[in-house]
Amino acid sequence: MEQFEIAVVGGGMVGAALALGLAKQGRSVAVIEKFTPKTFDSSQPMDLRVSAISHRSVDLLESLDAWQEIQAMRVCPYARLETWEADTCRIRFNAKELALPQLGYIVENRLIQLGLWAQFERFDNLKVIEGDGVESLELSPNNSTITLESGRVLNSGLVVGADGANSRVRSAAGIGITAWDYRQECMLINVETELPQQDITWQWFTTSGPRSFLPLCGNQGSLVWYDSPKRIRQLKAMTPAQLEQEIITHFPKELGSIKVLQHGSFPLTRRHAQHYHKQGCVIVGDAAHTINPLAGRE
Ligand SMILES: Cc1cc2nc3c(=O)[nH]c(=O)nc-3n(C[C@H](O)[C@H](O)[C@H](O)COP(=O)(O)OP(=O)(O)OC[C@H]3O[C@@H](n4cnc5c(N)ncnc54)[C@H](O)[C@@H]3O)c2cc1C
């Protein structure tokens with residue numbers, strides 16, 4: 001039976017960052033992750049799942065020595081942010097006015113995860129168990145038992161549930177959630193833009209939901225279209241040419257001409273755990289709360 005001080009279930013962005021921080025403090029840590037993230041190759045198309053991250057998140061990633069690794073793969077800085085409902089009344093943020101080189105970066109989630117994972121090997125006190133999910137947990141305040149899908153059994157003083165929105169750790173601990181459906185879906189569309197690499201991200205609030213643009217590297221961008229599930233279903237059923245036309249009609253003119261590269265959609269649900277810790281376990285990240293991504297830009 002393997003014994004750890006802390007077992008982090010889930011090696012996504014949150015679990016990986018936390019595990020590294022704990023390993024840096026000298027704790028004996030296990031990270032259990034069901035899926036091994038795909039390695040980076042610069043010829044890969046940009047992933048659909050990207051995050052807008054601010055200076056504070058960059059500071060955190062720097063403190064974990066992961067930022068350099070992430071930057072060396074691909075990140076897209078943005079120096080301006082605009083948000084508006086009526087076109088005549090825009091709120092504008094500009095890095096120059098704040099004496100900053102940029103306001104933040106758009107980064108693919110997988111690359112943040114890979115940058116963090118690359119640091120794991122520096123710590124003898126951190127063990128990564130990948131390709132094996134948690135099957136069941138017997139939680140107890142001082143020493144919990146974790147059984148993996150392979151049948152492997154671990155013991156840990158503390159269990160951290162960083163296993164995402166449908167957290168198994170959260171259910172094993174009997175932590176309830178308060179949830180509601182936003183009755184909106186979010187369609188992510190990666191596009192090639194006629195305009196060269198942009199340094200601006202913008203959000204336009206319409207009566208049926210926000211539409212936003214996040215710059216990606218080169219002549220690419222990520223469009224985010226929030227709308228009713230019915231409308232998103234309609235958009236997803238379109239051919240690329242029809243979708244392009246629909247985007248040109250319904251997005252602000254400044255987007256310019258675009259070509260659709262790929263798209264996907266996510267239902268939006270708010271979930272908030274009723275407790276963040278119980279019975280020798282703590283839950284973090286999406287296991288503890290999922291919010292509308294529009295409010296999650298950090
Ligand atoms: C469309 C969209 C846009 C967003 N944009 C932003 C943004 O701009 N900025 C921002 O800060 N946030 C944004 N978010 C939110 C952000 O993506 C999430 O909050 C974040 O990914 C949560 O990370 P996590 O590590 O908690 O969970 P996850 O990324 O879900 O990771 C959980 C991990 O646990 C693993 N796992 C699950 N079950 C098990 C098991 N039984 N055993 C072992 N491993 C398991 C999974 O494989 C996974 O790797 C956005 C979200 C969406 C949907």
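The protein is annotated in an unreviewed UniProt entry as 2-octaprenyl-3-methyl-6-methoxy-1,4-benzoquinol hydroxylase of Vibrio variabilis. UniProt, in the comment section headed Pathway (unreviewed entry), describes the protein in these words: "Cofactor biosynthesis; ubiquinone biosynthesis." In the Sequence similarities (unreviewed entry) part of its UniProt record, the protein is described as follows: "Belongs to the UbiH/COQ6 family."

**Focus: the pairing of strand β11 (residues 153-161)**
Where strand β1 (residues 2-9) lies against β11, seven bridges are found, and the strand directions are parallel. Bridging from a neighbouring strand, Val8 pairs with Val160 of β11. Connecting strand β10 (residues 144-148) to the antiparallel partner β11 that follows it, the hairpin turn spans four residues, and Gly151 within it adopts a positive phi of roughly 100°. Of the strand pairs in this sheet, β11 and strand β18 (residues 281-283) are connected by three bridges, and their pairing is parallel. Paired with Val160 across the two strands is Val282, which belongs to β18.

**Things to note about the sheet that holds strand β3 (residues 50-54)**
If you walk across this open sheet you meet the three strands as β3-β7-β4, and the pairing is antiparallel. The open sheet has two edge strands with one neighbour each: β3 and β4 (76-78). Ignoring strand direction, the axes of neighbouring strands in this sheet form an average angle of 30°. Pairing analysis gives three bridges linking β4 to strand β7 (residues 104-108), with the strands arranged antiparallel. Residue pairing for β7: Cys76 is matched across the bridge by Ile106. Lying on the sheet, helix α2 (residues 55-63) is in contact with β3 and β7; it crosses β3 at an angle near 95°.

**Observations regarding the pattern of salt bridges**
Counting across every chain of the model gives 13 salt bridges. Through salt bridges with shared partners, a single network forms among Glu82, Asp87, Arg90, Arg92 and Glu254.

**Section: the sheet that holds strand β6 (residues 90-94)**
The eight strands are arranged β6-β5-β13-β14-β15-β12-β16-β19 in an open sheet whose pairing can be described as mixed. Edge positions in the sheet fall to β6 and β19 (289-290), since each of these pairs with one other strand and no more. Bridging between strand β16 (residues 258-273) and β19 involves two bridges; their strand directions are antiparallel. Counted as the bridge partner of Arg271 is Thr290 from β19. Helix α6 (residues 229-236) contacts β12 (177-193), β15 (220-227) and β16 of the sheet and is inclined by roughly 25° relative to β12.

**A word on the packing of helix α1 (residues 13-24) against helix α4 (residues 109-120)**
A pair of packed helices can be characterised by two numbers: the angle between their axes and the separation between those axes. Following both chains from N to C, one finds α1 and α4 inclined at 25°, their axes separated by 9 Å at the closest point. Taken together, α1 and α4 sit at an angle that is classed as roughly parallel. For the crossing formed where α1 meets α4, the hand is left-handed. Here α1 contributes Met13, Ala16, Ala17 and Leu20 to the contact with α4, which in turn contributes Asn109, Ile112, Leu116, Trp117, Gln119 and Phe120. Taken together, the residues of the contact of α1 with α4 break down into eight nonpolar, two polar and no charged.

**Topic: α4**
Its 12 residues place the ends of α4 17 Å apart at the C-alpha level, agreeing with the 16 Å of an ideal helix rising 1.5 Å per residue. Burial analysis of α4 places 11 of its 12 residues in the buried class, the great majority of the element. Listing the buried residues of α4 in full gives Asn109, Arg110, Leu111, Ile112, Gln113, Leu114, Gly115, Leu116, Trp117, Gln119 and Phe120.

**Some words on the side chain of Arg74**
The residue Arg74 is located in the loop between α3 (67-73) and β4 in this model. On the basis of relative accessible area, Arg74 is assigned to the buried category, the value being 11%. Among the polar contacts made by the side chain of Arg74, one reaches the main-chain carbonyl oxygen of Pro45 at a distance of 3.2 Å. For Arg74, the side chain forms a polar contact with the side chain of Glu108, separated by 2.8 Å. Not counting residues up to four positions away in its chain, the partners in contact with Arg74 are Phe40, Ser42, Gln44, Pro45, Met46, Val107, Glu108, Leu111 and Cys217.

Calculation rules
Residues numbered from 1 in each chain as written. Predicted model: local features only at pLDDT ≥ 70, side-chain atom pairs only at ≥ 80, totals over all residues. Heavy atoms only, no water. UniProt positions renumbered as here; feature names shortened; annotations may be inferred. Pairing = 2+ DSSP bridges. Helix = DSSP H or I, 4+ residues; strand = E, 2+ residues; numbered from the N terminus. Axes fitted to C-alpha atoms, helices over the stretch in contact; angles between N-to-C directions. Contact = heavy atoms within 4.5 Å. Salt bridge = Lys/Arg side-chain N within 4 Å of Asp/Glu carboxyl O. Parallel < 35°, antiparallel > 145°, perpendicular 65-115°, else oblique. Left-handed = near helix turned anticlockwise from the far one by under 90°. Nonpolar A, V, L, I, M, F, W, Y, C, P; charged D, E, K, R; others polar. Expected span 1.5 Å × (residues − 1). Buried < 20%, exposed > 50% of the residue type's maximum accessible area, 1.4 Å probe, protein only. Polar contact = N/O pair within 3.5 Å; in protein donor to acceptor, adjacent residues only side chain to side chain.

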